[in-house]
Amino acid sequence: MTKNFSQTAAFIWSVADLLRGDFKQSQYGRIILPFTLLRRLECVLADTKAAMVAESERIAEKGLPEEAQEKFIIRASKHAFYNTSPMDLSKMGQSDIKDNLNTYVQSFSKDAREIFEHFKFEEFVGQLADANLLYKVVQKFANTDLSPEAISNHEMGFVFEELIRRFAESSNETAGEHFTPRDIVRLTTSLVFMEDDDALTKDGIIRTIYDPTAGTGGFLSSGMEYVLELNPDAVMRTYGQELNPESYAICKADMLIKGQEVNNIKLGNTLSSDQLVAEKFDYMLSNPPFGVDWKKISGEINDEHTQKGFDGRFGAGLPRVSDGSLLFLMHLISKMRPIVSNERGDEQATASSSGQNNTNSNQGSRIGIILNGSPLFTGGAGSGESEIRRYILEADLLEAIIALPTDMFYNTGIATYVWVLSNKKADERRGKVQLIDGSNLYSKMRKSLGSKRNEMSEDDIKTITKSFGNFEVVDARVLDKPEEVKSNRGRQSANPKAEPAKTFASKIFATHEFGYRRITIERPLRLSAKLSDDAIESLRYAAKPFDMVMPALYEKFGSDWATDNNSDSDNNSYGDLSAVTVDARAMIKADFSELKEAQVKDVLDVKIWQTQLTLMNKAKALQAAIGDRQSDDFNEFDKVFKQALKDTDVNLDAKEKKQLLDAITWKNPEAEPVIKKAVKVANPLYGAFSYKPTTTNQKADKPAKIVEFQTDSDLRDYENVPLDPSMTTTALIESYFAREVQPHVPDAWINADKTDAIDEEVGIVGFEIPFNRHFYVYEPPRALAEIDADLDAVSSEIMQLLGEVHS
């Protein structure tokens, strides 16, 4: 912005001097912005004012509908908007100024009138009148020349943007929700547009730019500014949608000032209600909210995902409901113009699907979106996030990701990244992704604005755009940046750790290098078994959720409760529990408050105790038949156990059998693996082993069997096998398993049932972009002698202070 633009904006903003004391600082912009717009609009319409008023009076007599009237009056105004009132700000008068001003605003055409409604202009006019400031404010703007002769649309856009910036800074606690810092806007815009610089300088260029989270319109303005600097004759058509009504009003006002078709700026939630559903765009820029959940609109999103699939916006997958960032990215991808084959070249490209008569359209699209770190790596293989990354990378849409410095935004200091996507990659970029570490390209601001403490200079932006434009690998090089000024408060280390050098680097990867195939590694269940007295006694109590409360109750009240007859276990029973119910309930409420009332009633019912006593007595009968010797081969024990059930006529239902076996068995790494079933063909890589027990009672000459083992879920593990397009999936995972797993755990195998939902091959494909890992530079720890010296110094200081206290 030139000095003149800044001076004009500063002059307009000086209205804040009038407002100070009667209004909060965060309200200044809500008054200054609509008044600026009002004055600009009346200056633009001044030349045709008389014709508009006359036409309005003529049309009014015919009683036409409002829409028909608008068409006639717009013709007379020669602009995309009009005002039918004979008044202007200079004619308001002091006595009836409130009513006159409201009537004047209501005389604008529908689009312009709507902007003032979203600013809640009438409400603030009332507050200004109550504070006896309305006439002063009106006179201030009435004497400000904002005519097109004094300030062009392009220049007025700069003035309005400067006012928006001042508004954002004056209320910086919420600025990040509506306003993206100018340095980030410039960087992102340059990255998106620079690849098309040659095409944008041609004659007759018509381009569309879209922001689904338009805010106050910063990205849309920056995109127009970039193109018009290259080609003043180019036509830029802006489109956007914004959820916040106030930001929407500011954006729409900015576009109206710049001569844009404001019908293309929509109000509403982009994800749940896309109001530009049929449109495709050349360029898209967005700074969606970080980490905002989409629970309120999950119904609409899930319906579109399941019912439309890839015919909708979210076919690739859905991220977790706590962060909707990737939903905005998929929305933008769905708005890309398709690449249409045309032998006559780009100059004669066919009209796009947006319905515009754009014979020079550069087919395909480019996207720039600002995201936090979560979309890079959140979610494992098969998750919604991973599937979205997989779709983007396998479709070869991602050109680059640039790491920004921290503390760059008004409302957060977290790490952020610019993603650049395109479906018209240059040949050298195909199948490749560039990662640029620009996290150290910043300077400290003289004064923080909310969480924004750092800013990027023009040189910092050029460093990134040059590296991106050259598509080059840059080894970490030290930047010429001043050292951070550290606080000198408190005790200073005698040997402070040296700060790592600030570096800049760029790396290029093949898209498959971010992918992996997660295979599930199983190991056999190994059980020992023993019908011990303690194990049998534990069967007196039911399983969860009663496994803790029943022993406590039995310990306290068992002598009053139980009437066991050890001589005849079948006749053992519990007596009437009513005598201790009150005390037992009080103990449960005090010590086991997590139990629900229905569970309390169950545990105080004699039936559950009788059922468990019956099971315990069955176990005693089995112990008498089997004995209490420990078996480390559950396969053999199971045979003996089943025979004992027949011999003793003990019947166990499925629930009883599970609880009994859980009580008498435990996992033992030295025990024999538990056989699941016999199979015909050995394949140890996938769990079919040739097996011969090592127990002493097994005949030495008995042949080995080919079996599959029961899996031990506690020993289950996962391995991420890097993708390699030069190998088949089978060769890839088997070679990895033989190299990385088998030498360490010989009894492990690959679970062949875990297959990918898309390619149906073993293992689940996942994608992540571990940005920081690729740029990590090892920093050796300080020498132990230095650390010891610091500890000794601190200890001496503490002892000295203690000595002073005692003295």
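Since the model is a prediction, treat every value here as computed from it, not as a measurement.

K.L.:
Just to check I follow, could you spell out the overall build of the protein chain for this structure?
P.N.:
The helix and strand tally for the protein chain stands at 30 helices and 23 strands. Against the globule reference of 28 Å for 807 residues, the protein chain gives a C-alpha radius of gyration of 37 Å, more extended than a compact globule. Along the three orthogonal principal directions, the C-alpha set of the protein chain runs to about 115 × 85 × 70 Å. Among the 807 residues that make up the protein chain, the fraction classed as buried is 49%. A fraction of 77% describes how many contacts in the protein chain between residues 6 or more apart in sequence connect residues 24 or more apart.

K.L.:
Is there a simple way to explain the pattern of salt bridges in this structure?
P.N.:
By the definition in use, this model includes 40 salt bridges. A salt bridge links arginine 716 to glutamate 522; the nearest nitrogen and oxygen atoms lie 2.9 Å apart. Of the two residues, arginine 716 sits in the loop between β20 (705–709) and β21 (717–722) while glutamate 522 sits in strand β13 (residues 515–522), which places them 194 residues apart along the sequence. A residue is classified by how much of its surface remains accessible, and arginine 716, at 31% relative accessible area, is partly exposed. For glutamate 522, a relative accessible area of 2% translates into the label buried. Of the charged contacts, one joins lysine 618 and glutamate 656 as a salt bridge, the two residues approaching to 3.4 Å between their closest N and O atoms. Taken together, the positions of lysine 618 in helix α25 (residues 606–626) and glutamate 656 in helix α27 (residues 654–664) put the pair 38 residues apart, joining distant regions of the chain. Using a relative accessible area of 14% as the deciding quantity, one classes glutamate 656 as buried.

K.L.:
For this particular structure, what's the right way to read the sheet that holds strand β7 (residues 416–422)?
P.N.:
Strand pairing in a sheet relies on backbone hydrogen bonds, with the paired strands running either antiparallel or parallel. Here ten strands make up an open sheet; going across it, the order is β3-β2-β1-β4-β5-β7-β6-β8-β12-β11 and the pairing mixed. Edge positions in the sheet fall to β3 (265–267) and β11 (474–478), since each has one partner strand and no second. In this sheet, neighbouring strand axes are inclined to one another by 15 degrees on average, regardless of whether the strands run parallel or antiparallel.

K.L.:
What is the right way to look at α25 in this model?
P.N.:
One turn of an α-helix holds 3.6 residues; hence residues three or four places apart share an orientation. Relative to the 30 Å expected for 21 residues at 1.5 Å per residue, α25 spans 30 Å between its end C-alpha atoms, a close match to the ideal helical length. Here α25 starts with a cap whose side-chain oxygen sits 3.0 Å from the backbone nitrogen of lysine 607, and that cap is aspartate 605. Two residues or fewer after α25 comes glycine 627, characterised by a positive phi angle close to 95 degrees.

K.L.:
How should I be thinking about the packing of helix α17 (residues 325–334) against helix α19 (residues 384–394) in this particular structure?
P.N.:
How two helices sit against one another is set out by the angle between their axes and by the gap between those axes. Between α17 and α19, the shortest axis-to-axis distance is 11 Å and the interhelical angle comes to 30 degrees. It follows that α17 is roughly parallel to α19 by the angle criterion. By crossing handedness, the relation of α17 to α19 is classed as left-handed. Between α17 and α19, the residues in contact are Leu326, Leu329, Met330 and Ile333 and Glu385, Ile388, Tyr391 and Ile392, respectively. When the residues that make up the contact of α17 with α19 are grouped by side-chain class, the tally is seven nonpolar, no polar and one charged.

K.L.:
Explain helix α7 (residues 110–118) to me, please; I cannot follow it from the model alone.
P.N.:
Listing the buried residues of α7 in full gives Ala112, Arg113, Ile115, Phe116 and His118. Where α7 is buried, its residues touch α3 (28–45), α5 (66–77), α6 (97–106), α8 (121–130), α15 (245–257) and β3. Positioned one or two residues after α7, lysine 120 has a phi angle of 55 degrees, which is positive.

K.L.:
Where do I start with the packing of aromatic side chains in this structure?
P.N.:
For any pair of aromatic rings, geometry is given as the distance between the ring centres together with the angle between the planes. Scanning the model with the defined rule gives 21 aromatic pairs in all. Geometrically, the ring pair formed by tyrosine 104 and phenylalanine 108 is tilted, given 5.8 Å between the ring centres and 50 degrees between the ring planes. On the accessibility criterion, phenylalanine 108 (1% relative accessible area) is buried. When the centroid spacing of 6.0 Å and the interplanar angle of 25 degrees are considered together, the rings of phenylalanine 637 and phenylalanine 641 count as stacked. Taken together, the residues span about one helical turn, with phenylalanine 637 and phenylalanine 641 both in helix α26 (residues 634–648) at a distance of four residues. The pair phenylalanine 637 / phenylalanine 641 is uniform in exposure class, with both members buried. Among the aromatic residues, those joined into a cluster by ring pairs are Phe35, Tyr104, Phe108, Phe116, Phe121 and Phe141. Cation over ring: lysine 140 sits above phenylalanine 11, and NZ or CZ is 4.6 Å from the ring centre.

K.L.:
Looking at this model, I keep getting lost on the confidence of the model for the protein chain. Mind explaining?
P.N.:
Parts of the model with low pLDDT should not have their predicted coordinates read in detail. On average, residues of the protein chain carry a pLDDT of 87, and 90% of them reach 70 or more. Note on residues 564–572: pLDDT under 50 across the span, and 13 contacts to partners over four residues away in sequence or across chains.

K.L.:
I tried to follow the side chain of threonine 189 on my own but got confused; where do I start?
P.N.:
In this fold, threonine 189 is placed in helix α12 (residues 182–193). Note on threonine 189: relative accessible area 1%, which makes it buried. Looking at threonine 189, its side chain comes within polar contact range of the side chain of serine 222, at 2.9 Å. The residues touching threonine 189, leaving out its near neighbours within four places in the chain, are Phe219, Ser222, Gly223, Tyr226 and Leu285.

K.L.:
Quick question: what am I supposed to make of the environment of asparagine 470 here?
P.N.:
Relative to the helices and strands, asparagine 470 is located in helix α20 (residues 458–470). Separated by 55 residues in sequence, asparagine 470 and leucine 525 have C-alpha atoms that sit 56 Å apart.

K.L.:
In this structure, what is going on with the sheet that holds β20? I would like to understand it.
P.N.:
Here we have three strands laid out as an open sheet, ordered β18-β20-β19, and antiparallel in their pairing. Across the chains shown, the open sheet's two edge strands, defined by having one partner strand only, are β18 (675–678) and β19 (689–691). Strand-to-strand twist across the sheet, computed as the mean angle between neighbouring axes with direction ignored, equals 55 degrees. Here β19 pairs with β20 via three bridges, running antiparallel.

K.L.:
Can you walk me through unusual backbone geometry in this structure?
P.N.:
Negative phi characterises most residues that are not glycine, and trans characterises most peptide bonds. With an omega dihedral of 10 degrees, the bond running from lysine 544 to proline 545 counts as a cis peptide bond. The residue proline 545 is located in the loop between α21 (533–538) and α22 (549–561) in this model. Even without glycine at this site, phenylalanine 471 takes up a positive phi of about 45 degrees. Within the fold, phenylalanine 471 resides in the loop between α20 and β11. Residue phenylalanine 471 is classed as buried on the basis of its relative accessible area, which comes to 14%. If you check the backbone angles, glutamate 760 has positive phi at about 60 degrees while not being a glycine. Along the chain, glutamate 760 falls in the loop between β22 (749–750) and β23 (764–767).

K.L.:
Looking at this model, I keep getting lost on the environment of glycine 384. Mind explaining?
P.N.:
Residue position: glycine 384 is located in helix α19. Classification of glycine 384 as buried rests on a relative accessible area of 17%. Through-space distance from the C-alpha of glycine 384 to that of leucine 318 is 4.6 Å; in sequence the pair is 66 residues apart. If we ignore the near neighbours within four places in the chain, the residues touching glycine 384 are Gly317 and Leu318.

K.L.:
I would appreciate a short explanation of the nonpolar core in the present structure.
P.N.:
Among soluble globular proteins, nonpolar side chains are generally buried collectively. Phe35, Leu38, Leu101 and Phe193 are the most contacted members of the largest nonpolar core, which has 98 residues in total. Counting residues per element, this core draws most heavily on α3, which supplies eleven residues. Here leucine 101 is in contact with Phe35, Leu38, Leu89, Met92, Phe121, Val125, Leu134 and Val138, once residues within four sequence places are set aside. One finds Ile297, Leu326, Leu398 and Phe514 within the second-largest nonpolar core, a separate group that totals 45 residues.

K.L.:
Just checking my understanding: could you explain the side chain of threonine 36 for this structure?
P.N.:
On the secondary structure map, threonine 36 appears in helix α3. Given a relative accessible area of 0%, threonine 36 falls into the buried group. Residue contacts for threonine 36: discarding those within four places in its chain leaves Ile12, Phe141, Leu146, Met156, Phe160 and Leu163.

K.L.:
Which parts of the structure should I look at to understand the pairing of β20?
P.N.:
Side-chain direction in a regular strand flips from residue to residue, so the side chains alternate between the two faces of the sheet. Of the pairings in the sheet, the one linking β18 to β20 comprises three bridges and is antiparallel in character. Paired with lysine 677 across the strands is glutamate 708, a residue of β20.

Rules used in this analysis
Residues numbered from 1 in each chain as written. Predicted model: local features only at pLDDT ≥ 70, side-chain atom pairs only at ≥ 80, totals over all residues. Heavy atoms only, no water. Helix = DSSP H or I, 4+ residues; strand = E, 2+ residues; numbered from the N terminus. Rg over C-alpha atoms; globule rule 2.2 N^0.38 Å. Buried < 20%, exposed > 50% of the residue type's maximum accessible area, 1.4 Å probe, protein only. Contact = heavy atoms within 4.5 Å. Salt bridge = Lys/Arg side-chain N within 4 Å of Asp/Glu carboxyl O. Pairing = 2+ DSSP bridges. Axes fitted to C-alpha atoms, helices over the stretch in contact; angles between N-to-C directions. Expected span 1.5 Å × (residues − 1). Polar contact = N/O pair within 3.5 Å; in protein donor to acceptor, adjacent residues only side chain to side chain. Parallel < 35°, antiparallel > 145°, perpendicular 65-115°, else oblique. Left-handed = near helix turned anticlockwise from the far one by under 90°. Nonpolar A, V, L, I, M, F, W, Y, C, P; charged D, E, K, R; others polar. Phe/Tyr/Trp six-rings, centres within 6.5 Å; stacked < 30°, edge-to-face > 60°. Lys NZ or Arg CZ within 6 Å of the ring centre and 35° of its normal. pLDDT = per-residue confidence, 0-100. Core = buried A, V, L, I, M, F, W, Y, C linked by side-chain atoms within 4.5 Å.

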